[in-house]
Amino acid sequence: GRTGMMGAAADAALAEGGAVTGVIPSFMVERGWNHTGLTEMIVTEGMHLRKETMMRLADGGVIALPGGIGTFEEITEAITWRQLGLYAGNVVLFNFRGYYDSFLAQIERAIADGFMMPDYRDLFAVAPTAAEAVELAARPCGPRSFSSKF
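Residues numbered from 1 in each chain as written. Predicted model: local features only at pLDDT ≥ 70, side-chain atom pairs only at ≥ 80, totals over all residues. Heavy atoms only, no water.

A. Here's a closer look at helix H6 (residues 130–138). Residues of H6 that are buried: Ala133, Leu136 and Ala137. In a view along the axis of H6, the buried residues occupy a sector of 100°, so they form one face of it. In H6, the exposed positions angled more than 90 degrees off the buried face are occupied by Ala131, Val134 and Ala138. On its buried side, H6 packs onto strand E3 (61–64), strand E4 (90–94) and strand E5 (125–127). (Buried < 20%, exposed > 50% of the residue type's maximum accessible area, 1.4 Å probe, protein only. Helix = DSSP H or I, 4+ residues; strand = E, 2+ residues; numbered from the N terminus. Arc of directions from axis to C-beta. Contact = heavy atoms within 4.5 Å.)

Have a look at this one:
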């Protein structure tokens, strides 16, 4: 996207000489929501294929920045894919200023109430700094590579 956190992150990476690949469904391009200055733009035929494409491209790991409902949906799907063995990369929440504290509390509630197994905490990591998020995302991983601590 060209606005919000995605647009700001893309602009900052490009300004520093980085390469940025965007993955966006065609209906969003038709609405003019795409960023036109990216290194590469992959247009998909819908949101499901967009997420599948992003996960395929994220062979090392994914980092969730603070975001809205779309971010929540995407990161819980990435965690679910780890749980099902469909994605082997790392999943990291960048918990900037405690942004994901309520999400983490909900995970704890689900475990306490018996809706999730405690070892599901190991499907993702939580990082308080951007540098730690990048390090955790790049770390070699197995199916469940993180400790059970948030």
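B. Highlighting the environment of Tyr99. Relative to the helices and strands, Tyr99 resides in the loop between E4 and helix H5 (101–112). Tyr99 gets classed as partly exposed once you look at its relative accessible area, which sits at 37%. Expressed as a C-alpha distance, the spacing of Tyr99 and Pro128, which sit 29 residues apart in the sequence, is 9.5 Å. Not counting residues within four places of it along the chain, the set of residues in contact with Tyr99 comprises Pro66, Gly67, Gly68 and Phe72. From its side chain, Tyr99 meets the backbone oxygen of Gly67 in a polar contact 2.3 Å long. (Polar contact = N/O pair within 3.5 Å; in protein donor to acceptor, adjacent residues only side chain to side chain.)

C. A look at the pattern of salt bridges. Inspection of every chain in the model, using the stated rule, returns six salt bridges. Taking the shortest distance from any N to any O, the salt bridge between Glu77 and Lys51 comes out at 2.6 Å. Of this pair, Glu77 sits in helix H4 (residues 69–84) while Lys51 sits in helix H3 (residues 47–57), and the two are 26 residues apart along the sequence. A salt bridge links Glu108 to Arg121, with the shortest nitrogen-to-oxygen separation between them at 2.7 Å. Separated by 13 residues along the polypeptide, Glu108 in helix H5 and Arg121 in the loop between H5 and E5 bring together distant segments of the chain. Given the relative accessible area of 29%, Glu108 is considered partly exposed. Judged by relative accessible area, Arg121 falls into the buried class, the value being 17%. (Salt bridge = Lys/Arg side-chain N within 4 Å of Asp/Glu carboxyl O.)

D. Molecular detail of unusual backbone geometry. Phi at Arg97 takes a positive value of approximately 55°, unusual for a residue other than glycine. Along the chain, Arg97 turns up in the loop between E4 and H5.

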